[in-house]
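Survey of secondary and tertiary structure
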Amino acid sequence: RLAFMLSDGGGNPRWDGSRALTGGSDQSAINAIHAAGGDVDVSFGGWSGNKLGEHCTSASALAGAYQKVIDAYKLKAIDIDIEDTEMSNATDRQRVVDALKTVKSNNSGIKTYITMGTTPSGPDSDGVDLIKKGAAAGLANDGWVVMPFDLGGHSGSMGSVSTAAADGLKNAVKSAYQ
């Protein structure tokens, strides 16, 4: 997984928000991986920087930004690492869900993943809302992922807390998609 694809301050995707989508060292690395028989996926977002979900003014514009990256690298999978300001805004969460529905519709077989921080017991209220928005929209997301290292503090062993966070995610997805 290569990360992070961010906004140039508008609706254009750039590596880390600054490097050109194509023609640079990132494309050279991806070309080398493909030439060796490997594959890549790209993660959009992350904690810092300008997120496309915040800077694209509509779901269709956001889907178009995702599509530019999919087309540039013939991607079979993308990950939306939705954190910080993008995650805390309900409009941005809905925009991401709606854009991913378009991406799934326009790219047969593409896999989509949504990655988020977590509490020790599973997604926080914004994460649960994101999952509910996905379910309500009929988003056939391939994977909902929590980052059990991004807990905001905890007590107990890392193993038991990670298991509890994963169980909380499972329960939130199950509840939303029933």
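All figures in this text were calculated on a predicted structure; none of them were measured in a lab. (Residues numbered from 1 in each chain as written. Predicted model: local features only at pLDDT ≥ 70, side-chain atom pairs only at ≥ 80, totals over all residues. Heavy atoms only, no water.)

**Quick look at the side chain of Asn 141**
Relative to the helices and strands, Asn 141 resides in the loop between helix 6 (125-137) and strand 6 (143-146). One polar contact links Asn 141 to Thr 112, side chain to side chain, over a distance of 2.8 Å. Polar side-chain contacts of Asn 141 include one of 2.8 Å to the backbone oxygen of Gly 143. (Helix = DSSP H or I, 4+ residues; strand = E, 2+ residues; numbered from the N terminus. Polar contact = N/O pair within 3.5 Å; in protein donor to acceptor, adjacent residues only side chain to side chain.)

**Topic: the pairing of strand 4 (residues 77-82)**
Where burial is concerned, most of strand 4 is hidden: six out of the six residues are buried. Across the two faces of strand 4 the burial is the same, with Ala 77, Asp 79 and Asp 81 and Ile 78, Ile 80 and Ile 82 all buried. Looking at chain direction, strand 3 (residues 42-46) and strand 4 are connected through five bridges and run parallel. Its bridge partner lying in strand 4, Ser 43 is registered against Asp 79. Judged from the five bridges that link them, strand 4 and strand 5 (residues 111-116) form a sheet pairing that is parallel. Note that in strand 5 the partner of Ala 77 across the bridge is Lys 111. (Buried < 20%, exposed > 50% of the residue type's maximum accessible area, 1.4 Å probe, protein only. Pairing = 2+ DSSP bridges.)

**Here's the deal with the sheet that holds strand 3**
Within the open sheet, the six strands sit side by side as 2-1-3-4-5-6. Their pairing is mixed. The sheet is open, and its two borders are formed by strand 2 (13-15) and strand 6, each paired with just one other strand. Averaged over all pairs of adjacent strands, the angle between strand axes in this sheet comes to 30°, irrespective of strand direction. When strand 1 (residues 2-7) meets strand 2, the two strands line up antiparallel, connected through three bridges. If you follow Ser 7 over to strand 2, its bridge partner there is Pro 13. (Axes fitted to C-alpha atoms, helices over the stretch in contact; angles between N-to-C directions.)

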